[in-house]
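So the chains spell out like this:
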Amino acid sequence: VQLQACGGGLVQAGGSLRLSCSASGRAFSNYVVAWFRRDPGKARKFVAAIKWSGGGTTYADSVKGRFTVSKDTGKNTVYLRMSSLEPEDTSVYYCAANTGLITSSIPYDYHYNYWGQGTQVTVSS
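Numbering of residues begins from 1 in every chain and follows the order in which that chain's sequence is written. With the structure being a predicted model, the display of local features is reserved for residues of pLDDT at least 70 and the display and counting of side-chain atom pairs for 80 or more, all residues being used for whole-chain, interface and lining totals. Processing note: side-chain calculations cover all non-hydrogen atoms of the structure and skip hydrogens and water entirely.

Caption draft 1: The overall build of the chain, seen in detail. Put simply, DSSP H or I for four residues or longer makes a helix, DSSP E for two residues or longer makes a strand, and each gets a number counted from the N terminus. Along the backbone of the chain there are zero helices and eleven strands. Element order for the chain, N to C, with α for helix and β for strand: β-β-β-β-β-β-β-β-β-β-β. Note that the radius of gyration is over C-alpha atoms, with the globule rule given as 2.2 Å times the number of residues to the power 0.38. Against the globule reference of 14 Å for 125 residues, the chain gives a C-alpha radius of gyration of 13 Å, in line with a compact fold. Based on the C-alpha atoms only, the size of the chain along its principal axes is roughly 40 × 30 × 25 Å. For the chain, the centre of its 13 positive side-chain charges and the centre of its 7 negative side-chain charges are spaced 7 Å apart. We treat Lys and Arg as the positive residues and Asp and Glu as the negative residues; His and chain ends play no part in the count. In plain terms, the charge of a residue is placed at NZ if it is Lys, CZ if Arg, CG if Asp and CD if Glu.

Caption draft 2: Layout of the sheet that holds strand β3 (residues 17-24). The sheet built from four strands is open, its strands ordered β1-β3-β8-β7 with antiparallel pairing. With partners counted over all chains shown, the strands left at the sheet margins are β1 (2-6) and β7 (67-72), one partner each. Each strand of the sheet is rotated relative to its neighbour by a mean of 15°, with strand direction disregarded. In this description, strands pair whenever DSSP reports at least two bridges between them. To obtain an axis, a line is fitted to C-alpha atoms, over the contacting stretch when the element is a helix, and the angle between two such axes runs from 0 to 180 degrees between their N-to-C directions.

Caption draft 3: The packing of aromatic side chains, seen in detail. Note on ring pairs: Phe, Tyr and Trp rings are taken, using the six-membered ring of Trp, and paired if centres are within 6.5 Å. Classes follow the plane angle, with under 30 degrees stacked, over 60 edge-to-face and the rest tilted. Going through the model one piece at a time under the given rule, you end up with six aromatic pairs. Between the aromatic rings of F36 and F46, the centroid separation amounts to 5.7 Å while the plane-to-plane angle is 70°, which identifies the pairing as edge-to-face. In this pair, F36 is assigned in strand β4 (residues 31-38) and F46 in strand β5 (residues 45-51), connecting sequence segments ten residues apart. The exposure class of F36 is buried, given its relative accessible area of 0%. Using a 1.4 Å probe on the protein chains alone, a residue whose accessible area is under 20% of its type maximum counts as buried, one over 50% counts as exposed, and one in between counts as partly exposed. According to the relative accessible area criterion, F46 is buried, its value standing at 13%. Consider the rings of F36 and Y112, whose centres lie 5.4 Å apart with planes at 75°: the pair is edge-to-face. One end of the pair, F36, is in strand β4; the other, Y112, is in the loop between β9 (91-99) and β10 (114-115), with 76 residues separating them in the sequence. We note that F36, like Y112, is buried. Ring pairing ties together the aromatic residues F36, F46, Y112 and W115, which thus form one cluster. For a ring to carry a charge above it, either NZ of a lysine or CZ of an arginine must fall within 6 Å of the ring centroid while also lying within 35 degrees of the normal to the ring plane. Here the guanidinium or amino end of R44 rests over the ring plane of W115, the centre of that ring lying 3.8 Å away.

Caption draft 4: Main features of the pairing of strand β8 (residues 77-82). Burial within β8 is extensive, with five of its six residues counted as buried. Where β3 meets β8, six bridges bridge the pair, whose relative direction is antiparallel. Within the sheet, the bridge partner assigned to C21 lies in β8 and is V78. Pairing between β7 and β8: six bridges, direction antiparallel. Opposite F67, over in β8, you have M82 as the bridge partner. Counted between consecutive antiparallel strands, the loop separating β7 from β8 contains four residues, among which N76 sits at a positive phi close to 50°.

What follows is the structure, encoded as structure tokens:
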């Protein structure tokens, strides 16, 4: 499956952005689709994930209450709505996907086989 992430940009602190992750080549059925972010020189950090079947969601503590992950079945697309953005949210955001993940595996990037290109999010203070 090929993933295409988009929607990043420059926003002021307190603002909102919505990232999109679209799949081609295969439908997302039975996949977990996740968002990670990576700062220069640092490891990727888990942000949020959604189980395509059932719609269960998981969030990093740092984004709970501010970010919402959702899916559009008809468009085979996962969204990450980011609100109340902080300068600390500035990063390159990546979407990733894989099948057969148990809940405890979801936050770990090495469990994902498919990755989209990153999209830059910059939050100004």
